[in-house]
Structure formats: structure tokens, C-alpha cells
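Coordinates in review
One letter stands for each residue in the lines below.
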Amino acid sequence: MMTLKYDVAIFGAGLAGISAAVTAQRFGKKVILIEQSSVVGGNATAGLVNPFMRFWLDDELLCGNFFREIIQELRKREAMIENCFDSEILRLILMEKLKDIDVLFRTIPVSVIVKKEDKTIPNRIERVIVKSAMGNEYEILASIFVDATGDGSLSYLAGCSYDSGDETTHENQGTTLMFTLGNVDFERVQESIKKDPENFFKWVSPNAKVLSVGGYFKEVRKAKEDGLEYPVDYFFFNQISSPRRVTVNTTHIWVKTTDDFEISRALKELHKQVETVYIFAKNYVPGFENCYIEKIATYLGVRESRRIHGLYIFSGEDVAKKMKFKDAAVKAVYGIDVHKKTENGNSESDFDVPKYEDYYEIPIRSLISKEFTNLGIIGRNFSGTFLGQSAAIIMATCTDMGEAIGRIAGMVSESFYEIL
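Here the structure is a predicted model, which means the values were calculated and not measured.

Here we come to the overall build of the protein chain. Along its length, the protein chain carries ten helices and 20 strands. Relative to the globule expectation of 22 Å for 420 residues, the C-alpha radius of gyration of the protein chain, 21 Å, shows essentially globular dimensions. When its C-alpha atoms are laid out on the principal axes, the protein chain stretches across 65 × 45 × 45 Å. Here the protein chain holds 420 residues, and 56% of them are scored as buried. The long-range share in the protein chain, meaning contacts at least 24 apart out of those at least 6 apart in sequence, stands at 72%. In the protein chain, the 51 positive side-chain charges and the 59 negative ones have mean positions that sit 2 Å from each other.

Laid out in C-alpha cells, this is it:
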């Protein structure tokens, strides 16, 4: 088995992992980034998640430097309108950011070797054994490890404690398979909104610079009466940067997201839902008569699976009270966003117009394992309650988590606890 030595080893090449890797490398650290797929960017690229949800308050940008770099690069390439972006151009930008970093694609962690101290001192991860899709195994030695896998896979293998699902019902958030449609007539969409605004959620505006549309309640009811097995009570899509294209965020299924077989079942079912929603759009929605399926996400949109226990558990109360922390790592404004398990998906009350009056902060302690001194936990597997995590998993916030933990990884020698 080949042994590879690095200062920092990061698992997961989504926006959080890439941000951490690039930031640590800029501090002079030797970094390796391990990614299970062949794609960088995670849900922002392979998951077709769009747009970047709110990362500003009034005229102030709350995001960190790395996310600002991404925005600037997208705009330079004319691949971003407002907060909507071209996912393929983003892939190119992210790959360019990684040009000086070792990246091992199609590789997952399979075992974690830890150094156990006495009961008063948290443990350390010494090395991680990874296996590639080719069947090759490598031993990764590093001083600092970061789990940005989304599912907390590295932390799970290390034996970390974690939570999953709602604290009362233990149900996970709904999963979604995003897809894009081309050749949409936006003028007809705007006409529909102007003609019958009550047929849409309250926040929908026909005059928005970039259309974000949820509703068509009457059309959905008619389709269901006609026998179409439509998954929810609305049709929800966002205009994206290229002409006449939308990304559709409508499919939903609720499964146990830590169960491999349940996840696999969800993927099968959601592909059926993609076709159903596409048929609905072509046959019932004005402006979509000549649309076509352009892309279906290769990543399943999992909103929540494992939430690894950190030195602080970020909560929904922290979001509601707009909490500030002395060890603040991230500023954010996006609110609690739970996709509830109900008979017909989300109710209209879940889509009320939000108020953005102040920001909250996420402390660095929520990004550091309470059980391993040299393990960072970022992205959707960071340390949070069910409600707290639901607010903090938007792409800008996850990117900022990565920059924060990457900065600290660049400053410390062997432990994140050195900065506490």
C-alpha cells in the first residue's frame, strides 16, 4: 500500500471542501483533496442546485473572500445573472482553483486509524485508508483532517457521535433530484403571473430580474384530476443564466438518508418524478409547451443526513435570535428551511415571503469535532440541530465554512484546538 503524506487532508470536493483546500494551500500547507466522484463542485454542479440563495443583507455581502472570487469569475465569463449561475462554467472555475492541489478522484475513505489519549483529552486521527474505483488502496497521513463529505462519512468511520433527522420524529428532510429544462418562453410565464397572481406563492413576481416561480396550483390540481401522479402541490423553477433555461426544484421523496438502500430507492423514484413533472410542464404550463429536458442531476439532492457533534451545536434558536459569537466563523442570513414530510409535500405556508433584518453567525466551534482535536467538520455535516442545520446549508454559507476551517488549518500545526 502506498503511503501519502500531507499537512492537510480534505474529504469531499464540494464548495466547502474546495474552499478549505484552496485556503489551506494559500497558507503554505501541502494539501490533498479526496473526492468520491469525478466532478468538483458537489450540489452546485453535479446536483444542479441553483441559484445561490441569499448571501447579502441590504447592500452588504456577507460571504467570505473565496465565494466572492467565484462570483467574480462567473461574472467575468458572463455566466451569472443576479444570483443564478451556469453550473458548467462553475466546474471549470473550480477546477482551475485546484490546479496546484493534489486531487484524488473516484476515491472514498474506508477506514480511519486514531490515536487514543487518556479520557480527559480528545483523540486524534493519525491516518486514513482510502480506496479508489480501480480497487487501489492508499494510506493518507496528515496532521489535519477535514470532513466535507456531506454525509459525514469520514467522521462516521472515525467513530464520531452524530445526529440524524428531526430530534422528535427522527425523519430526515426530503430529497430532491434537480433537472433543467430548455426552450422556455419567459414572456408567457410572466403573463401567467400577471394574469392570476393568486395562482402562485406570495413571493413570486413577474417583474423580477431573474424569474423564480413557484405555484401553478390550478394546473397541478387539474393534472391530478386527469390522473397524473404529480408529486407535490406546486411547480417550482428558477431561471438560470443561459437563455430560455430553468432549473426545476419540484421532485421530492422522504427516505432515511443514512440508509444506502433507501437512497437508492429514492433515486429510482425521483427519476420517475422528473418525467412526470416534465410531462406536466409541457402539457399544462403556458410557456413550457416546447420545452425539453436538458440535464438531470447526477447527484441526489440530500439536504440532511449525519450532523457530526462539534464543540458547539448550532441551533434554530441561534438563527431566530440572530446570535453573534466571539469565535464567529461565518455570517449568514438565510432562514430555517425544512422540507416537511406531509401527504402532498410542502404547504403554501412554507413559502411565505421571508424577512431579512439582521444576520446571524456560526461559531468556529461548530466546525470542529468534539472528539478529535485535528478533525474539521464543514458543509451540511457540520455540528447543528435539525433546524439550525437547515438554515446553514446553502452554498454560500458552506463555502464560507470551508474558508474558515481552511484558514485555521493553515495556521495550526497539529490541532484545531490550538486556536481555542
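And the narrative resumes.
With respect to the helices and strands, the residue T45 is situated in the loop between β2 (31-34) and β3 (56-57). In this structure T45 comes out as buried when scored by relative accessible area, which is 3%. A distance of 2.6 Å separates a polar atom in the side chain of T45 from the backbone oxygen of V40. Contact partners of T45, with chain neighbours within four places excluded, come to V39, V40, S87, L90 and R91.

Now for the side chain of S87. Note that S87 resides in helix α3 (residues 87-97). Relative accessible area serves as the criterion here: at 7%, S87 is assigned to the buried category. Ignoring anything within four residues of it in the chain, the contact list for S87 reads A44, T45, L48 and K295.

On inspection of all chains with the given rule, the structure shows zero disulfides. In this model C398 remains outside any disulfide bridge; the closest cysteine sulfur is found in C63, 14 Å from its own.

This part is about the nonpolar core. One finds I18, F52, L74, I378 and I405 to be the most contacted residues of the largest nonpolar core, which totals 58 residues. Among the elements that make up this core, the one with the highest residue count is helix α10 (residues 395-411) (eight residues). Counting residues in hydrophobic clusters, the runner-up holds 42 residues, among them F179, V220, Y278 and L300.

It is worth spelling out the pattern of salt bridges at this point. Summed over all chains, the structure comprises 25 salt bridges. Residues K209 and E82 are paired through a salt bridge, measuring 4.0 Å at the closest nitrogen-oxygen approach. Taken together, the residues span a long stretch of sequence, with K209 in the loop between α5 (186-195) and β13 (212-215) and E82 in the loop between β5 (80-81) and β6 (84-85) at a distance of 127 residues. With relative accessibility at 43%, the residue E82 sits in the partly exposed group. As a salt-bridge pair, K222 and D226 come within 2.8 Å of each other at their nearest N and O atoms. Given a relative accessible area of 44%, D226 falls into the partly exposed group. Connected via shared salt-bridge partners are R26, E69 and K97.

It is worth spelling out the layout of surface pockets at this point. One number sums up the size of the second largest pocket: a volume of about 250 Å³. For the lining of the second largest pocket, the elements supplying multiple residues, two or more each, are β18 (328-332) and α10. At six residues, α10 tops the list of elements feeding residues into the lining of the second largest pocket. Residues that form the lining of the second largest pocket fall into these classes: ten nonpolar, two polar and five charged.

This next bit is on the packing of helix α1 (residues 15-26) against α10. Direction vectors running N to C along α1 and α10 enclose 30 degrees, while the axes themselves pass 7 Å from each other. When the axes of α1 and α10 are compared, the pair comes out roughly parallel. Once α1 is placed against α10, the crossing between them reads as right-handed. Residues L15, A16, S19, A20, T23 and A24 of α1 form the contact with α10, whose participating residues are M395, C398, T399, G402, E403, I405, G406, R407 and A409.

This part takes up the packing of helix α2 (residues 65-76) against α10. One can describe the packing of α2 onto α10 by two numbers: an axis separation of 8 Å at closest approach and a directional angle of 130 degrees. Taken as axis vectors, α2 and α10 run oblique relative to one another. Contacts between α2 and α10 involve N65, F66 and F67 on the former and, on the latter, M395, A396, T399, D400 and E403. Tallied by class, the residues present in the contact of α2 with α10 amount to four nonpolar, two polar and two charged.

Quick reminder: α-helices carry 3.6 residues per turn. Residues three or four places apart thus point the same way. By the burial criterion, the buried members of α3 are S87, L90, I93, L94 and K97. Taken around the axis of α3, the buried residues stretch over an arc of 110 degrees, which confines them to a single face. In this fold, the buried residues of α3 make contact with α1, α2, β6 and β16 (292-296).

Attention now moves to unusual backbone geometry. The omega angle of the peptide bond from N50 to P51 is 5 degrees, so this bond is cis rather than trans. Along the chain, P51 falls in the loop between β2 and β3. Despite not being glycine, L48 has its phi angle at roughly 55 degrees, a positive value. Mapped onto the elements of the fold, L48 is located in the loop between β2 and β3. On the basis of relative accessible area, L48 is assigned to the buried category, the value being 7%.

Cut-offs applied
- Residues numbered from 1 in each chain as written.
- Predicted model: local features only at pLDDT ≥ 70, side-chain atom pairs only at ≥ 80, totals over all residues.
- Heavy atoms only, no water.
- Helix = DSSP H or I, 4+ residues; strand = E, 2+ residues; numbered from the N terminus.
- Rg over C-alpha atoms; globule rule 2.2 N^0.38 Å.
- Buried < 20%, exposed > 50% of the residue type's maximum accessible area, 1.4 Å probe, protein only.
- Contact = heavy atoms within 4.5 Å.
- Lys, Arg positive; Asp, Glu negative; His and termini not counted.
- Charge placed at Lys NZ, Arg CZ, Asp CG, Glu CD.
- Polar contact = N/O pair within 3.5 Å; in protein donor to acceptor, adjacent residues only side chain to side chain.
- Disulfide = S-S within 2.5 Å.
- Core = buried A, V, L, I, M, F, W, Y, C linked by side-chain atoms within 4.5 Å.
- Salt bridge = Lys/Arg side-chain N within 4 Å of Asp/Glu carboxyl O.
- 1 Å grid on protein atoms, 1.4 Å probe; cavity = no way out; pocket = protein on both sides within 12 Å on 5 of 7 lines; lining within 4 Å.
- Points joined across faces, edges and corners; volume = space filled by probe spheres on them.
- Nonpolar A, V, L, I, M, F, W, Y, C, P; charged D, E, K, R; others polar.
- Axes fitted to C-alpha atoms, helices over the stretch in contact; angles between N-to-C directions.
- Parallel < 35°, antiparallel > 145°, perpendicular 65-115°, else oblique.
- Left-handed = near helix turned anticlockwise from the far one by under 90°.
- Arc of directions from axis to C-beta.

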